[in-house]
Each structure stands twice: as structure tokens, then as C-alpha cells.
Amino acid sequence: MAFDKNSNSFTFLFATILVTVVGTLLAVTYIGLKPAYEENVRREKMQNILASMNVRVERDAAPAKYEELISETFLVNGEGKPVEGDAFSLDVLKQYKDWKAGVLELDQLKYPVYKATGSEGQVYILPMVGTGLWGPVWGYVSVKKDGRTVYGSTFDHKGETPGLGAEIATPMFQDQFAGKTITEENGTYTGIKVYKGGTGTTDPHGVDGISGGTITSDGVGEMLMRTLAVYDVFLKSTTNSTAAR
Amino acid sequence: MSTEVATPEVKPAEPLFSKKNRALITDPLNDNNPITVQVLGICSALAITVKMSNAFVMSISVLFVVVLGNMIISALRNVIPSRIRIIAQLVIAAGLVTLVDITLKAYVYDVAKQVGVYVGLIITNCIIMGRFEAFAMGNKVGPSALDGFGNALGYAWILVAVAFFRELFGSGSLMGVRIIPESWYATQGGFYFNNNMMILPPMALVIVGIIIWVQRTYNTKLIEQA
């Protein structure tokens, strides 16, 4: 062999070349595939929004269906008043993390609302984020025009235990929400409680959690309670104003 | 591929699928299985065997990384400085794994979401570093590819076998298809409960233990002499 592969200079040269080649290759691949990935994320978000109003479409069909059904999107603040900004591009998960980390104050948070027309009339789709056992959990709950009856829901998570906490992403858990109400008849806010798994609850303001996924279930419960309280203010103000009209 | 094997040496080039080379594929399936005999890669065997579909994707990803990695390492084996060889192997493994991760996210997004965190764990899968160091550093490209393929298959079948039992008894389904009828479940008025123990990682270890037990019953040469 003409060179000494164990010399210091060759070791440095080899390391430099190897890292540069691997780094360049990864950077090129990442930049090349990033649009495809981001489009997947965008379509999945549309798919989730639609799923919460019981419209289940393939991911590729989501953008067209989204255009067709979602009539209006806007942001509201904690008092239910409209604020500036684009609802779809707001990263509620990042906002939630910033709030938890103390970067944002509670009254700086913005809440997206998607107004849509489903097969049973107009619904409001409300995104929400919370904390499960291993990482964030999130979901969308759609509420009927009356501002208190849940029409549908969808939940997802980053890394909850498969078979336990991860079951929040299955119809078994999500289908319980339809028909539940977030307020009493007289308008008192109740939210939706997540009970211990397997209680078979008949509470009009509560659902069964996941057996063995207690911390995830509690996280979902906390998320529902906290976020729906804010949306309740908004929903009351809009339903009252349309009723008065 | 045979041109890659044929390096200018005195002895005649060995055919790629010679008896010795075939053993590179068959050995890891049983006699030298990376999980049940070498007890490597146990960590991922615990983590991603709750559902069979996850086990399949993990197996395919490992197959890709270990075969390609083995070939790259083997091609570079005469220029990798020995003092930094482990680091070089790690860089190549990490590069390939990241490549797999990005590709999954772009083309099979649903799968990528399910196995997301575990794909990164392939980097630390001892089987990969083990094959790079023990085989690819000292063998030609062709046999290295076969060795990687064989070991990945040996890893895969254990993974899928463990996942089969865990998904069947833990979730009552296989590949996401329901096997145990809904109406049997106690919540639906039946008598059956899913075994939640199966979902938890320790049960994977127990199943791997049972597989090792069964394997050694039939393959007595694996039993160590006291």
C-alpha cells in the first residue's frame, strides 16, 4: 500500500471526507424530500380536521374535500373575540409548548376555529393540544350549530404506548364523543370529563378513558376541560348573536 | 454484483452463492441468530413488537441499513483508519438510518408516523455495529451483503414471531385485522379480556425467552456444556 492509512494526517483527511460526503448526501436528500414531507403534514392536518366532523377521506383527497366543506377559518382570543392571523398555519402545538415554557402568557394564546358545513348542517371545528404520558396529545372536536352538542372528534398523539394510551387515536375512544354536550341545558359550562377506563359512563358530559392508559386519558381530559372552556365563551357569544339577529 | 466480488487475487473468484456464502444467509436464521443466540438487538425487539405491521417496517428498515452499510464498510475496509473505525461505522450507520427516516416520511408517511421514534434507534442496534465490525471490516463486498441480509432476516423473523403473539393476545388482532371477535369481549357482554401484560415491554422478553427455549430444545448444539 502506497500510503499509511493509520497516519495522523490520513486519519484526519478520512474523517473530514467521510463526514462531508455523508453530510452533503443527507442535506441534499432532506432538501429534496422536504416539500413532499410538508405536504404530507398539511394534508394530514386537513384530514384530521375533516375526520372530526365525521368526514373520512384518503389523505390525497383531503385538500379538495377541505376546500369544499370548510367555509371559514379564523382565530379567537381567550375571551372569544376574533383576532388577526391565519388559523390553518397557526401551530397550536408550538404555541402550547411556548405557553408551558413561559414564553407566552395565557392571554396571548390564540385559538383557531374552522367553520364547516357537514351533512347535518353547520359545525365549528375546534383544535386542541395537551400533554399525554410520553409527549403531546392533540385533537379536534366539532360542535354543532347550537354551540354545545359535540358532533364528532378525532385525537392523535406523538408517542403514547401502543395498545394503551395510543388507543385515544382509535374509533373506540373517539366515537364516544358524538352527542355529548359541553354545557348544561341552562348554559353552565361542564366540559367533557374523561373517566377511568371501563366505567361505562352514561354522563352526558363525560366519556370512558382508556384502561391502562390512565395518564394519557387524564391528559386528554385536562386538554378538553381547559380548551373547551375558552371555546365555550366564543360559542356562546356567536350563538347568542345569531339567535338575536 | 459478481464483478464487485472479483478482485485481482491469485485464487479463483468464488461464486457469490457458493456453499460457504449460502451459509452466511442461513446461519443467522437459526444456529447463529442475532437475537436468540447472540442476544443482540433485544432493545428494539422489546420496543416495536406490539403490532406486527411495526415489526415488519422495522425489519425492512434494518435490512436496508445493514445490507447497504455492510457493503459500504466492506468497500472502504482497506482505507478506514483503524483508530477511528468505530466512529466511521457509526457515521455510516447514522447516515443510512437518517436517509431511511427522511424517505419514509416523504413516501410512506403513515408508516413513518408509527415507527417514527424507533427508526432512530436502529443506529444503536447492536446487530448493525456488530456486523460492520465483525464481518464487513474483514470481508469482500458480496459476502458482506449476504451476511447483512442473513442477519437482518434472522432478526426479522424473531421480531415478527414475537409481534405475532403480542398483537394476537394483547390486541386481539393481527396486522391490524381483528381476529378475536368483538362480541367475545367482556365489555360487549362476552367473557374475553385482552391480556394487557402482552402490550407491556417485559412480556416481549418473556416471549423471546420462550423462543430461545424452544429453539434449544430442537437445536441441541446450542446448549452450552457446563
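Residues numbered from 1 in each chain as written. Chains lettered and ligands numbered in written order. Predicted model: local features only at pLDDT ≥ 70, side-chain atom pairs only at ≥ 80, totals over all residues. Heavy atoms only, no water.

Which residues make up helix 2 (residues 62-69) of chain A, and what values do they have?
Residues and elements named next belong to chain A. Of the positions making up helix 2, those classed as buried are A62, P63, Y66 and L69. Burial along helix 2 is one-sided: seen end-on, the buried residues are contained in an arc of 140°. Of the exposed residues in helix 2, those oriented more than 90 degrees away from the buried face are A64, E67 and E68. Of the surrounding elements, those touching the buried residues of helix 2 are helix 1 (8-51), strand 1 (70-76) and strand 3 (111-118). (Buried < 20%, exposed > 50% of the residue type's maximum accessible area, 1.4 Å probe, protein only. Helix = DSSP H or I, 4+ residues; strand = E, 2+ residues; numbered from the N terminus. Arc of directions from axis to C-beta. Contact = heavy atoms within 4.5 Å.)

Account for the pattern of salt bridges, naming residues and giving values.
Counted by the stated rule, this structure contains 13 salt bridges over all chains. A salt bridge links B:D101 to B:K105, with the shortest nitrogen-to-oxygen separation between them at 3.7 Å. Here B:K105 and B:D101 lie together in helix 5 (residues 85-107), a separation of four residues that amounts to about one turn. Taking relative accessible area as the criterion, B:K105 reaches 30% and is therefore assigned partly exposed. One salt-bridge network, in which partners are shared between bridges, spans A:E39, A:R42, A:R43 and A:D60. (Salt bridge = Lys/Arg side-chain N within 4 Å of Asp/Glu carboxyl O.)

I'd like a rundown of the environment of B:V57, residues and numbers included.
Residue and element names in this part refer to chain B. On the secondary structure map, V57 appears in helix 4 (residues 52-76). The exposure class assigned to V57 is buried, which follows from its relative accessible area of 18%. Sequence separation between V57 and Q114 is 57 residues; the distance between their C-alpha atoms is 9.4 Å. Filtering out sequence-adjacent residues up to four positions away, V57 remains in contact with V111 and V115.

Report on empty space enclosed by the protein, specifying residues and quantitative values.
Residues and elements named next belong to chain A. Per the counting criterion, the structure on display carries one cavity of 30 Å³ or more. The space that makes up the largest cavity amounts to roughly 130 Å³. Along the wall of the largest cavity there are 14 residues; nearest its centre are Q95, Y111, V129, R226 and T227. Contributions of two or more residues to the lining of the largest cavity are made by helix 3 (92-100), strand 3, strand 4 (121-131) and helix 5 (214-244). In terms of residue count, helix 3 provides more of the lining of the largest cavity than any other element does, four residues in total. Taken together, the residues of the lining of the largest cavity sort by class into 10 nonpolar, two polar and two charged. (1 Å grid on protein atoms, 1.4 Å probe; cavity = no way out; pocket = protein on both sides within 12 Å on 5 of 7 lines; lining within 4 Å. Points joined across faces, edges and corners; volume = space filled by probe spheres on them. Nonpolar A, V, L, I, M, F, W, Y, C, P; charged D, E, K, R; others polar.)

Go over the interface of chain A and chain B with me, naming the residues and quoting the values.
Contacts between the two partners involve 28 residues from chain A and, on the opposite side, 27 residues from chain B. Carbon and sulfur atoms make up 67% of the surface buried where chain A meets chain B, a total of about 2500 Å² over both sides. Contact with chain B buries area across many residues of chain A, yet A:F14, A:L33 and A:P162 alone supply 20% of it, more than any other trio. Linking chain A to chain B there are zero salt bridges. The interface formed by chain A and chain B holds six residue pairs in polar contact (both at pLDDT 80 or more) in total. If one sorts the elements of the side of chain A that touches chain B by residue count, helix 1 of chain A sits on top with 16 residues. Residue classes in the side of chain A that touches chain B are distributed as 15 nonpolar, eight polar and five charged. (Buried area = accessible area lost by both parts, 1.4 Å probe. Polar contact = N/O pair within 3.5 Å; in protein donor to acceptor, adjacent residues only side chain to side chain.)

Describe the pairing of strand 3 of chain A, listing the residues and the values that go with them.
All names here are of chain A. Within strand 3, six of the eight residues are buried, which leaves the element mostly enclosed by the surrounding structure. Sheet topology places strand 1 next to strand 3; six bridges connect them, and they run antiparallel. Residue pairing for strand 3: T73 is matched across the bridge by Y114. Where strand 3 folds back onto strand 4 in an antiparallel hairpin, the turn is made up of two residues. (Pairing = 2+ DSSP bridges.)

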